[in-house]
Amino acid sequence: MKTTLGKAVLCAFSLILAESTFGNIVGYINSTMQPGVNLIADQLLASPDNSLDSILNATSSNGGLANNTAFTMWSNGAFLPWSIYDAGLDSWSINYSLDLGQGGYLESSSSFVNTFVGSVGPYFQDGGPNINWNPNYPNGLQLISDPIPHSGPLDTEFLNVTGRNPVDGEGVAILDRLTQTYNISYYTSGIGWQNQGLTGPSTATLNGGDSAWFDLGGNYDMPNSLPVPAAVPEPGMLALAGLGSLALLMFGRRR
């Protein structure tokens, strides 16, 4: 019997899961990519693996990946070298793996729907919270995601993504793919999540199929911090497609 999971049916994300005869939860995620930046996550275990060649390829619907689509990941405070998609070969120049909990930074020249197929990992139980998920992320900026296909407010998703509760001054920036703008929220104990600038309670939701920028460690000076645009290194081959460089909205000033 097919079921939906939690709040997983959204405008840019739809999920169908089915119970297999072996007890594994398997299914697929339809994730709509927009022209520009997409912060993505694959919350299923694909076969044979979660490499780009397995999960982002010509089987995508709605026209599929455009030639020279670019992908990178954030590691140890810097972007990894760009991987560029070759539509003729249906392969990526660097076959990165987008594993559970990781975030991917994808630039596309066109809209398409990518279908992620696979089984739910070991952190999922009866549609509830993660179990035994303790990634121990270091302080600083992380591009990360929920390791299970789940959508929810930051009250839920921060714990799901990081394996712990937030501390004062930690922030999350969630990209709206359609508008190419970020919803930035900061945490204050006793108050909860607030919009950037402390203008009111945050209603930010982290959708299934999305990753987000998590600024860990509580190093931000609130309410005086302001978003600072940080240049994303331009992929040389992507310039031929006319995308140019895009800006990544990072968090506020360090103390």
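Our structure is the block above this text.
Residues numbered from 1 in each chain as written. Predicted model: local features only at pLDDT ≥ 70, side-chain atom pairs only at ≥ 80, totals over all residues. Heavy atoms only, no water.

Peer 1: What's the story with the overall build of the protein in this structure? I'm lost.
Peer 2: Scanning the protein for helices and strands turns up two helices and 20 strands. Counting the 255 residues in the protein, one finds 51% classified as buried. Look at the contacts in the protein between residues 6 or more apart in sequence, and 65% of them connect residues 24 or more apart. Surface accessibility of the protein: about 11,200 Å² in total, with carbon and sulfur atoms responsible for 53%. (Helix = DSSP H or I, 4+ residues; strand = E, 2+ residues; numbered from the N terminus. Buried < 20%, exposed > 50% of the residue type's maximum accessible area, 1.4 Å probe, protein only. Contact = heavy atoms within 4.5 Å. Areas by Shrake-Rupley, 256 points an atom, 1.4 Å probe, with all protein chains shown as cover.)

Peer 1: Can you help me understand the environment of Tyr186 in this one?
Peer 2: Considering the arrangement of structural elements, one finds Tyr186 in strand S15 (residues 181-188). Using a relative accessible area of 1% as the deciding quantity, one classes Tyr186 as buried. Sequence separation between Tyr186 and Val172 is 14 residues; the distance between their C-alpha atoms is 6.6 Å.

Peer 1: I keep staring at the nonpolar core and nothing clicks. Help me out?
Peer 2: Soluble, globular proteins show a tendency: their nonpolar side chains are buried together. In terms of nonpolar packing, the biggest core is built from 24 residues, with Ile40, Leu56, Phe71 and Trp92 touching the most fellow members. With sequence-adjacent residues up to four places away left out, Trp92 is seen in contact with Leu52, Asp53, Leu56, Leu65, Thr69, Ala70, Phe71, Ser83, Ile84, Tyr85 and Leu106. (Core = buried A, V, L, I, M, F, W, Y, C linked by side-chain atoms within 4.5 Å.)

Peer 1: Looking at this structure, I do not really get the sheet that holds strand S12 (residues 140-144). What am I missing?
Peer 2: The pairing of strands in a sheet happens through backbone hydrogen bonds and is either parallel or antiparallel. Strand order in the open sheet formed by five strands is S12-S18-S14-S15-S16, with antiparallel pairing between adjacent strands. Of all strands in the sheet, those bounded by a partner on one side alone are S12 and strand S16 (192-195). The average undirected angle you get between the axes of adjacent strands in this sheet is 25°. Where S15 and S16 come together, four bridges link them in antiparallel fashion. Residue pairing in the sheet places Tyr187 in a bridge with Trp193 of S16. Sheet strands touched by helix H2 (residues 154-162): S12, strand S14 (171-176), S15, S16 and strand S18 (212-216). Its angle to S18, the strand with the most contacts, is close to 80°. (Pairing = 2+ DSSP bridges. Axes fitted to C-alpha atoms, helices over the stretch in contact; angles between N-to-C directions.)

Peer 1: I'm lost on the sheet that holds strand S8 (residues 83-86) in this one. Help?
Peer 2: Ordered by their spatial adjacency, five strands build an open sheet running S4-S10-S5-S8-S9, and the pairing between neighbours is antiparallel. Two strands in the sheet have a free side with no partner beyond their single neighbour: strand S4 (36-40) and strand S9 (91-92). Across five bridges, S4 lies against strand S10 (residues 104-108) in antiparallel orientation. Looking at the pairing, Leu39 lines up with Tyr105 of S10.

Peer 1: I tried to follow a negative patch on the surface on my own but got confused; where do I start?
Peer 2: Side chains of Asp49, Asp53, Asp86, Asp90 and Asp99 sit close together on the surface and give a patch of like negative charge. Assignment of secondary structure puts Asp86 in strand S8. What makes Asp86 partly exposed here is its relative accessible area of 31%. (Patch = residues over 30% accessible without salt bridge, like charges linked within 9 Å, V, L, I, M, F, W, Y side chains within 5 Å. Salt bridge = Lys/Arg side-chain N within 4 Å of Asp/Glu carboxyl O. Lys, Arg positive; Asp, Glu negative; His and termini not counted. Charge placed at Lys NZ, Arg CZ, Asp CG, Glu CD.)

Peer 1: Hey, could you run me through the pairing of S18 in this one?
Peer 2: Along any regular strand, the residues point their side chains to alternate faces of the sheet. Burial runs high along S18: five of the five residues are buried. Side chains Ala212, Phe214 and Leu216 project from S18 onto one buried face, and the interleaved Trp213 and Asp215 project onto a second face that is buried too. As paired strands, S12 and S18 are joined by five bridges and run antiparallel to one another. Within the sheet, the bridge partner assigned to Gly140 lies in S18 and is Leu216. Direction of pairing for S14 relative to S18: antiparallel, over a ladder of three bridges. The residue of S18 that forms the bridge with Val172 is Phe214.

Peer 1: Help me out: how do you make sense of the packing of aromatic side chains in this one?
Peer 2: Two aromatic rings, taken as a pair, are described by how far apart their centres are and by the angle between their planes. Here the structure, examined in full by the defined rule, presents twelve aromatic pairs. Plain terms: the ring middles of Phe71 and Tyr96 are 6.2 Å apart, the flat faces sit at 45° to each other, and that makes the pair tilted. In this pair, Phe71 is assigned in strand S5 (residues 70-72) and Tyr96 in the loop between S9 and S10, connecting sequence segments 25 residues apart. Owing to a relative accessible area of 0%, Phe71 belongs among the buried residues under this scheme. Taking relative accessible area as the criterion, Tyr96 reaches 13% and is therefore assigned buried. Aromatic pair Phe158 and Trp193: ring centres 5.5 Å apart, planes at 45°, arrangement tilted. (Phe/Tyr/Trp six-rings, centres within 6.5 Å; stacked < 30°, edge-to-face > 60°.)

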